[in-house]
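Chain by chain, the residues run as shown.
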Amino acid sequence: MAYNTASGTATSGADFGASSGTLTFAPNVTSQTFTVAITNDTTFEGAENYTANLSAPTGGATIATGTVTTTINDDGTGGPPGTDNDTPALSIADISVVEGASAVFTVSLSNPSTSAVVFTPSLANGTATLGTDTAGAGTLEFNSGTVLVPVWTAVSGNVTIPAGATSVQLRLATTDDVISEGNETFHTHRHSGLRRHYGCRHRHGHHYR
Ligand SMILES: [Ca+2]
Ligand SMILES: [Ca+2]
Ligand SMILES: [Ca+2]
Ligand SMILES: [Ca+2]
């Protein structure tokens, strides 16, 4: 009996190794196995599937179930023998800026995704007061260009990290006053993605008088 694999939403040769051959059942033997190698990459793809198919039986056998579908999970729900998890997690790093300069934050993804990742940034006072020590929270911008050639665009609710990208920059101007205030902080929050929940982590932006 012949067997082979075929792409479904998973791609043969990329997400799994193509497998084909012939299974021979010796007299009185009732089962045989074949193996399909699954590729472990670091990109989040979500569940994908392929099929394994049987054909051309000999010796008078017929095929009862000739096709099985296998689903490949990469979100930690795959179960034994592994719990591979490529689910991207968002993080944002602390920065310091000189008063009067713009605070530029980088929001990073732990893993690239084949889908766009959408999140909602928000700002909160630390010892710095939004709108006084910084520009108003409504003036937060994101970089819709590249790091080398930035295109600063006003944030209107959500920010999208395109499929395949692993970071986006946010920018907020700080206010250059003549008052000695010491070092001040404010917080950038990034809230849940629309596609899945990423949790919320707070980071501080510092600016120096
Ligand atoms: Ca894939
Ligand atoms: Ca894959
Ligand atoms: Ca993986
Ligand atoms: Ca993957």
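Residues numbered from 1 in each chain as written. Chains lettered and ligands numbered in written order. Predicted model: local features only at pLDDT ≥ 70, side-chain atom pairs only at ≥ 80, totals over all residues.

### As for the sheet that holds strand β3 (residues 48-55)
Judged by pairing direction, the sheet is antiparallel, and its four strands sit side by side in the order β2-β1-β3-β4 without closing on themselves. Each edge of the open sheet is held by one strand with a lone partner, namely β2 (20-22) and β4 (67-72). This sheet shows a mean twist of 20 degrees between the axes of neighbouring strands, independent of strand direction. (Pairing = 2+ DSSP bridges. Helix = DSSP H or I, 4+ residues; strand = E, 2+ residues; numbered from the N terminus. Axes fitted to C-alpha atoms, helices over the stretch in contact; angles between N-to-C directions.)

### Re the domain arrangement of the protein chain
Domains assigned within the protein chain are domain 1 (1-87) and domain 2 (90-208). Taken together, the contact pairs five residues of domain 1 with four residues of domain 2. (Domains from an automatic or database assignment. Contact = placed C-beta atoms within 7 Å.)

### Examining the pairing of β3
One ladder, built from six bridges, connects strand β1 (residues 2-7) with β3; its direction is antiparallel. When the sheet's bridge partners are listed, Asn4 is paired in β3 with Asn53. In terms of strand pairing, β3 meets β4 through six bridges, oriented antiparallel. Its bridge partner lying in β4, Glu48 is registered against Ile72.

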